[in-house]
Amino acid sequence: MASHERTIRDFWDWMQQHGYGFPEAISVVSTLGTRNGTRGLVANQDLPEGLVLFSVPHECILGTDEDGSWESLAVRLVKEMHRAKKSWWSPYLAFLQSAISTHQLHTTLLWTPKELQLLDGTGVDGRTNTEDVEHDFVNRVLPKVSRQQLPIPLLDLRKFKEALSLVMAYSFTMEGGEVVMVPGADLLNHRTGHNNARLFTHCDGTLQMITIRPVKAGEQLWNTYGHVGNEELLRKHGFMDQINPFTRLPLVQEDFKTILGELSGLDRIRLKARLSKRWLQKKCAVRKDGYMSKALANLVRSFTSKAVQRNLWWHQFLERRLHRLRSAKRNSRRLKSDCDPLRWEMAQVLRDELMQIIQLAMSKDLQEKGVLDFHGRKSMLSLSMKECHTEAKQTHEQVRA
């Protein structure tokens, strides 16, 4: 732990030397816990809204000369880490590497096969796509490595996964779509509903972290990753919120395999046209309030003709997912001794949360508020979605109060 704290201190000194301008009113803390991070920034005194916490000079941003993708940035990280102290970003890279060496990074890409079994039925296991990462490593990454003149033996699959996990967890996407690492900005953690600071681009090209509301002394400074559910926080960032109204039940292609066998003709063609991984991952989900997203509702409509059939299929689908989650819960007891304790705990919490969402969805009258009434006007469906979001927000505010 002392070594980890020294790494953070060296990183802090490096930022100060390069003109970040941290005020004395904030400090870095390295023992915050495990659920929302083990290090972060804390206010030493009351901070007003609009205060510039620090500025990141353009030359401190770590990007790539390639296509600005996650994969290219991961390769750049491996290259800079291999240079060790010769790298201009050496203290920052040591800070990133400490997250792996001290087992603080828990993105699902780093989970073992047995740990991934804990996520069966959550939809997160299907989106981890370990096989896809390995395929991309051989067919896309290694060719890039040869162009960058990086000795291939220095970039094995393990190092690439670790670097890609760091990029997933800590990178920022610029306005032009380029993915970059912003040293210092990744000191701030995320907590749903507590965002009090945000990264802005100054007119001179520097990035500034600025408070967006008053912060009291002793409070932690929280950035935001957006309205992200626990299933996505766990997959990309390796942690979960204790209370998160944006948690959704992700749907993957496997969920629709049995449905294809029940369809025929035009319905089958329509469903196959929608079954792209990217479309499903981004838009198809069951929301925290137990209702379907609009994209999922439209998908159900695309292959069913009668309201009764839709309701019947929807309940059957939810029952199958609930069965998978319950089976995974029973199986998790057997796997506990072979898994990281924190990962085992997070899988348990996520699974229980998704089971509650399914039970809520099964208990609702799906014709209520026009959620499944596709023969009516489209505005009716849109209105019902807004009402559900309002209900979820009110519930979250009641819980916080």
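Scroll up to find the structure this text is about.
Residues numbered from 1 in each chain as written. Predicted model: local features only at pLDDT ≥ 70, side-chain atom pairs only at ≥ 80, totals over all residues. Heavy atoms only, no water.

1. A short note on the packing of aromatic side chains
According to the stated counting rule, one finds 12 aromatic pairs in the structure shown. Aromatic pair Trp88 and Trp89: ring centres 5.4 Å apart, planes at 85°, arrangement edge-to-face. The class of Trp89 is buried, set by a relative accessible area of 10%. An aromatic cluster is present here, built from Phe11, Trp14, Trp88, Trp89, Tyr92 and Phe95 joined pairwise through their rings. Taking the ring centre of Trp344 as reference, the NZ or CZ of Lys336 above it sits at 4.4 Å. (Phe/Tyr/Trp six-rings, centres within 6.5 Å; stacked < 30°, edge-to-face > 60°. Buried < 20%, exposed > 50% of the residue type's maximum accessible area, 1.4 Å probe, protein only. Lys NZ or Arg CZ within 6 Å of the ring centre and 35° of its normal.)

2. What about the packing of helix 2 (residues 70–83) against helix 3 (residues 90–101)?
Direction vectors running N to C along helix 2 and helix 3 enclose 110°, while the axes themselves pass 10 Å from each other. On the basis of their axis angle, the class for helix 2 and helix 3 is roughly perpendicular. Together, Leu77, Glu80 and Met81 of helix 2 and Leu93, Leu96 and Gln97 of helix 3 make up the contact between the two elements. (Axes fitted to C-alpha atoms, helices over the stretch in contact; angles between N-to-C directions. Helix = DSSP H or I, 4+ residues; strand = E, 2+ residues; numbered from the N terminus. Parallel < 35°, antiparallel > 145°, perpendicular 65-115°, else oblique. Contact = heavy atoms within 4.5 Å.)

3. A word on the side chain of Thr247
Note on placement: Thr247 falls in the loop between helix 8 (230–237) and strand 10 (249–250). In terms of polar contacts, Thr247 uses its side chain to reach the side chain of Glu353, at 3.2 Å. (Polar contact = N/O pair within 3.5 Å; in protein donor to acceptor, adjacent residues only side chain to side chain.)

4. A word on helix 3
Compared with an ideal rise of 1.5 Å per residue, which puts 12 residues at 16 Å, helix 3 spans 16 Å between its outermost C-alpha atoms and is within 8% of the ideal. Burial in helix 3 covers these residues: Ser90, Tyr92, Leu93, Phe95, Leu96, Ser98, Ala99 and Ile100. Directly after helix 3, the chain includes His103, whose backbone phi takes a positive value near 60°. (Expected span 1.5 Å × (residues − 1).)

5. Let's talk about the pairing of strand 7 (residues 197–201)
Taken together, the five bridges between strand 7 and strand 8 (residues 207–211) define a ladder with antiparallel strand orientation. Within strand 8, the position partnered with Thr201 by the bridge is Leu207. The antiparallel hairpin formed by strand 7 and strand 8 contains five residues in its connecting segment, where Gly205 sits at a positive phi of about 95°. (Pairing = 2+ DSSP bridges.)

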